[in-house]
Amino acid sequence: MPLTIPKYPARRPNRPVLQDPFHTMAAMSETPAPRLPERDRSWMMRTYAGHSDAKSSNELYRRNLEKGQTGLSVAFDLPTQTGYDPDDELARGEVGKVGVSIAHAGDMRTLLDEIPLDQMNTSMTINATAAWLLALYIVTAEEQGVAEEQLQGTTQNDILKEYLSRGTYAFPPGPSMRLIADTIAYTVQHVPKWNPINICSYHLQEAGATPVQEIAYAMSNAIAVLDSVRDRVPQDLMGSVFGRISFFVNAGVRFVEEHAKLRAMAQLWDELGRDRYGVLDEKLRRFRYGVQVNSLGLTEAQPENNVYRIALEALAVTLGRGVRARAIQLPAWNEALGLPRPWDQQWSLRLQQILAYETDLLEYPDIFEGSKVMDGLVVELVEGAREEMRHVAELGGAVEAVDYMKSSLVESHRERWRRIEAGELTVVGMNRFTSTEPSPLTADADGGILVVDPEIEAQQRAAVAKWRDQRDQAAVDAALEELARVASEHDENIMPATIAAARAGATTGEWSQTLRAAFGEYRAPTGVGEAAAVSSEEIAELRDEVERVSEALGRRLKFLVGKPGLDGHSNGAEQIAVRARDAGMDVVYEGIRLTPSQIATSAAQEGVHVIGLSILSGSHRELIPAVLAALREAGVEDVPVVVGGIIPEADAAVLREAGVAAVYTPKDWDLNQMMRDIVKLVGERHGVQRAAVA
């Protein structure tokens, strides 16, 4: 039988007001009551989940809902997020790794089997292909007999932050903004309970944004989106459009400052609605947001400490009633190690439930109201954000300012890492208090994480081929032809043709390829070249080492940093490239989403001395051997290869046996030491005397 899903957790019985002496005392004076007359209902509780295939993820979702989760948050794999079918060359090694593989309407039907979509509130973390996944969701609802106007949920759909941080973009900025505007225009008129976009500042913080930058760039992105939509909907609908825009924010461990950030965002959002877009209804100007607390600060070293970090970060978005989160999903303690297991996700869900039901935080008015400290912090953040927003506007707005914002984030992240290395910023268990006992949480054979069955990719490749064989190909061809026509007509909304293609049986890759043919390809800026150089005594010593080795080599030591596959989390690779440049190396970094053959060709053409590969998606077991094979074919097998990423020790041993010279994981946080290792490795490979690189 289908699950019955409550919209929110049941209320805990309220304490009668007259039995509360504080209320009695307040009634006799003008002092506001310290407690609410009735306990608030809690936020929506989600778990960001999905892996392997639709059937496995459906089973996971149903178990999570039975445990008290009140909404879905779907994690899609990288091929789905970037618009490739499981059998595409670029999908190699990535299928089902960081989320569920969804290639067509049949997969979406299986994913949501026996989950009643007229009751469910579903968040889908999807951006470049948001219009397509929403279309698949609408078609699945139709099959359940649920009209699209009944659907509730959110598509992330914030492509600008993909250029800045996460890298799962597919199309150039202009067409991408059109896709977003079309999705918003369609949902406001046909799926009115749906949030067609959440402006995502979460990944900005993960990429190094300060609170001021997170506020300013998120608001600037929202302005760009709203200005695009304003041209595609009647003016009388702009209030409804503004009221359906939500945000997806980050909350770090500095939870007092993080809470002030939320109050600053609420103030600026209200001002934008009133002053720029003429929204008079205060309810439509409310700052509505969901949150996943910070993953950037989670550590591989002593990972059990992450539980405390997550709990403290959750306080930032729950303590103050005035800006309390509408929905929360918490990372698991082991996300710095790999993919969480169901038990790990349950632990994070229980943390939310303890906050909501065992503590008293839902019983009070806004406890920060009137706080001089909080008010002062908000003023400071608002003023800083306004100044940064003015600069973005002077550059032509968020779309035109992508290069500036990207380089600013790379620089902020570089500064954060410098402070960690210098000991100015303490990270317990990583750069201070490092003495530790072995953790029983990571003692099992899998190292305390979920390992996706490597056969999943072959199964999904076969499944999508079977789907193509069994569908009405003529109907699919006609639908894709119509999609291509609409894509070439700027004034026509692309959503109806997208829904028709989903209904006909087109695949994720076919929809995306049709639009790639119409819109063109795009590579976002890396921000590496613009990042400010850093200098220190250690950097000076590194530069001396690089000079000595370069002199022995007869030319400048050249380092290629590459990201094979679809993993767009480039923060680590960018910091490696910047630090190598600061150390005096000649750095080749071409950004994300490279095939093994492209990396090998670049290595051969550039004549590099060392290659660094970065993978955080768990696809290292498939892609690193493929790169090594491509290097051999290109005749550069004598160039040492080092690898960095979220790599379990068992996999690291396998990679070393395959020929990788060194493996670095998040516990290897000292970038200068990493650079020393790399310079030494090149020196030894070319017979430079040890004294020259000591």
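Above this text sits the structure in question.
Residues numbered from 1 in each chain as written. Predicted model: local features only at pLDDT ≥ 70, side-chain atom pairs only at ≥ 80, totals over all residues. Heavy atoms only, no water.

*Asks:* Lay out the overall build of the chain with the relevant residues and their values.
*Replies:* Counting its regular elements, the chain contains 25 helices and 15 strands. In terms of overall dimensions, the chain is globule-like: its C-alpha atoms have a radius of gyration of 26 Å, near the 26 Å expected for 694 residues. The C-alpha extent of the chain, read off along each of the three principal axes, is 85 × 65 × 55 Å. Within the chain, the fraction of its 694 residues that count as buried is 60%. (Helix = DSSP H or I, 4+ residues; strand = E, 2+ residues; numbered from the N terminus. Rg over C-alpha atoms; globule rule 2.2 N^0.38 Å. Buried < 20%, exposed > 50% of the residue type's maximum accessible area, 1.4 Å probe, protein only.)

*Asks:* Tell me about the packing of aromatic side chains, residues and numbers included.
*Replies:* Overall, the coordinates contain 15 aromatic pairs when judged by the stated rule. Residues Phe-242 and Trp-269 carry aromatic rings whose centres are separated by 4.1 Å and whose planes lie at 15 degrees to one another, so their mutual orientation is stacked. Of this pair, Phe-242 sits in helix 10 (residues 238–244) while Trp-269 sits in helix 11 (residues 255–276); the two residues are 27 residues apart in sequence, bridging distant segments of the chain. Taking the relative accessible area as the measure of exposure, Phe-242 reaches 1% and is therefore buried. Where Phe-242 meets Tyr-277, the ring centres are 6.1 Å apart and the plane angle is 40 degrees; that geometry is what we call tilted. Linking Phe-242 in helix 10 with Tyr-277 in the loop between helix 11 and strand 9 (289–292), this pair joins segments that are 35 residues apart in sequence. Across the pair, Tyr-277 and Phe-242 agree in class, each one buried. The structure contains a cluster of three or more aromatic residues connected by ring pairs, namely Phe-242, Phe-247, Trp-269, Tyr-277, Phe-287 and Tyr-289. When the ring centre of Tyr-169 is taken as origin, the NZ or CZ atom of Arg-593, which lies over that ring, is 4.8 Å away. (Phe/Tyr/Trp six-rings, centres within 6.5 Å; stacked < 30°, edge-to-face > 60°. Lys NZ or Arg CZ within 6 Å of the ring centre and 35° of its normal.)

*Asks:* Explain the nonpolar core to me, using residue names and the numbers behind them.
*Replies:* Core analysis: the largest hydrophobic core is formed by 172 residues, its most contacted members being Met-219, Phe-247, Trp-269 and Phe-287. Look past the residues within four positions of Phe-247 in its chain and what remains in contact with it is Asn-198, Ile-199, Ala-218, Met-219, Ala-222, Met-265, Trp-269, Phe-287, Arg-288, Tyr-289 and Gly-290. Membership of the second largest hydrophobic core comes to 25 residues, among which are Val-588, Leu-623, Val-639 and Val-663. (Core = buried A, V, L, I, M, F, W, Y, C linked by side-chain atoms within 4.5 Å. Contact = heavy atoms within 4.5 Å.)

*Asks:* Account for empty space enclosed by the protein, naming residues and giving values.
*Replies:* Following the criterion strictly, the structure yields five cavities of 30 Å³ or more and no others. Empty space within the largest cavity amounts to approximately 120 Å³. Lining the largest cavity are 18 residues, and of these Tyr-169, Ala-524, Pro-525, Ser-570 and Ile-592 sit closest to its centre. In terms of residue count, helix 6 (residues 159–166) provides more of the lining of the largest cavity than any other element does, four residues in total. Here the residues of the lining of the largest cavity sort into six nonpolar, six polar and six charged. As a volume, the second largest cavity reaches approximately 70 Å³. In terms of lining, the second largest cavity is formed by Asn-127, Ala-128, Ala-130, Ala-131, Asn-157, Ile-159, Phe-171, Ser-176, Leu-179, Ile-180 and Thr-183. At the level of elements, helix 5 (130–144) and helix 7 (173–190) are the ones that each hand at least two residues to the lining of the second largest cavity. Take the lining of the second largest cavity: its biggest share by element is four residues, from helix 7. (1 Å grid on protein atoms, 1.4 Å probe; cavity = no way out; pocket = protein on both sides within 12 Å on 5 of 7 lines; lining within 4 Å. Points joined across faces, edges and corners; volume = space filled by probe spheres on them. Nonpolar A, V, L, I, M, F, W, Y, C, P; charged D, E, K, R; others polar.)

*Asks:* Which residues make up the sheet that holds strand 5 (residues 152–155), and what values go with them?
*Replies:* Taking strand neighbours across the sheet as the criterion, the five strands line up as 2-3-4-5-6 in an open arrangement whose pairing is parallel. The open sheet has two edge strands, strand 2 (48–49) and strand 6 (194–195), and neither has a second partner. Sheet analysis places strand 3 (residues 72–75) next to strand 4 (residues 121–125), joined by four bridges and oriented parallel. Bridge pairing in strand 4 places Val-74 opposite Met-124. (Pairing = 2+ DSSP bridges.)

*Asks:* Residues and numbers for a positive patch on the surface, please.
*Replies:* A cluster of basic residues, Arg-41, Lys-283, Arg-286 and Arg-326, forms a positive patch at the surface. Locating Lys-283 in the fold gives a position in the loop between helix 11 and strand 9. Note on Lys-283: relative accessible area 60%, which makes it exposed. (Patch = residues over 30% accessible without salt bridge, like charges linked within 9 Å, V, L, I, M, F, W, Y side chains within 5 Å. Areas by Shrake-Rupley, 256 points an atom, 1.4 Å probe, with all protein chains shown as cover. Salt bridge = Lys/Arg side-chain N within 4 Å of Asp/Glu carboxyl O. Lys, Arg positive; Asp, Glu negative; His and termini not counted. Charge placed at Lys NZ, Arg CZ, Asp CG, Glu CD.)

*Asks:* Go over the pattern of salt bridges with me, naming the residues and quoting the values.
*Replies:* Summed over all chains, the structure comprises 46 salt bridges. A salt bridge links Asp-87 to Arg-468; the shortest N-O distance between them is 2.9 Å. Highlighted residues: Asp-87 in the loop between helix 3 (78–82) and helix 4 (105–111) and Arg-468 in helix 16 (residues 455–470), separated in sequence by 381 residues. Judged by relative accessible area, Asp-87 falls into the partly exposed class, the value being 28%.

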